[in-house]
Amino acid sequence: MAEASPLPPEGSPGAEPRRVRGGSEESGPPELPGGDTRELLEEVEMQIGDAAFSLAKILEATSAVSAQVEELATKCSENARFLRTWRDLLREGYESLKPSG
């Protein structure tokens, strides 16, 4: 017979909700001590709302940074083109000053 692995601490990743003794998956949600499941549900809904708001703010900031990165990439490309042009002009000038011998 295989040994059962110990349960991870409640609230840790991988921890599953523990069932009340005698409960089954079909019997509905277990009663909490104090019996106020509505208050817990409202708290979870509020946390989900807060998380959604935070994610929206992160998306907004990410979009702004993305636009700035695109603008910077365009400027870098223009600068690279400018520097290549100067390099070519300097090379031509240097070649024209070399004695042909």
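Everything numeric in this text was worked out from a predicted model, so none of it was measured. (Residues numbered from 1 in each chain as written. Predicted model: local features only at pLDDT ≥ 70, side-chain atom pairs only at ≥ 80, totals over all residues. Heavy atoms only, no water.)

It is worth spelling out a negative patch on the surface at this point. A contiguous patch of negative charge on the surface is contributed by D36, E39, E42, E43, E45 and D50. For E42, a relative accessible area of 47% translates into the label partly exposed. (Patch = residues over 30% accessible without salt bridge, like charges linked within 9 Å, V, L, I, M, F, W, Y side chains within 5 Å. Areas by Shrake-Rupley, 256 points an atom, 1.4 Å probe, with all protein chains shown as cover. Salt bridge = Lys/Arg side-chain N within 4 Å of Asp/Glu carboxyl O. Lys, Arg positive; Asp, Glu negative; His and termini not counted. Charge placed at Lys NZ, Arg CZ, Asp CG, Glu CD. Buried < 20%, exposed > 50% of the residue type's maximum accessible area, 1.4 Å probe, protein only.)

Confidence in the prediction for the protein chain averages 80 pLDDT; 64% of positions are at 70 or higher. Scored below 50 in pLDDT, residues 18-24 makes eight contacts in the model with residues more than four places away or belonging to other chains. (pLDDT = per-residue confidence, 0-100. Contact = heavy atoms within 4.5 Å.)

Summed over all chains, the structure comprises three salt bridges. We note a salt bridge from K75 to E71, for which the minimum N-O separation is 3.5 Å. Taken as a pair, K75 and E71 lie in helix 1 (residues 37-97) at a separation of four residues, close to a single helical turn. We classify K75 as partly exposed; its relative accessible area is 44%. Classification of E71 by relative accessible area gives partly exposed; the value is 47%. In this structure, K98 and E95 form a salt bridge, with 3.8 Å as the shortest nitrogen-oxygen distance. Residue K98 is classed as partly exposed on the basis of its relative accessible area of 42%. (Helix = DSSP H or I, 4+ residues; strand = E, 2+ residues; numbered from the N terminus.)

For helix 1, which comprises 61 residues, the first-to-last C-alpha distance of 88 Å matches the rise-based estimate of 90 Å (1.5 Å per residue) to within 8%. Where helix 1 begins, the side chain of D36 points an oxygen toward the backbone nitrogen of E39, at a separation of 3.2 Å. (Expected span 1.5 Å × (residues − 1). Polar contact = N/O pair within 3.5 Å; in protein donor to acceptor, adjacent residues only side chain to side chain.)

A few words on a nonpolar patch on the surface. A grouping of F82, L83, W86, L89 and L90 is seen on the molecular surface, where their side chains present a nonpolar patch of about 560 Å² in accessible area. Summarising the element assignment, W86 is placed in helix 1.

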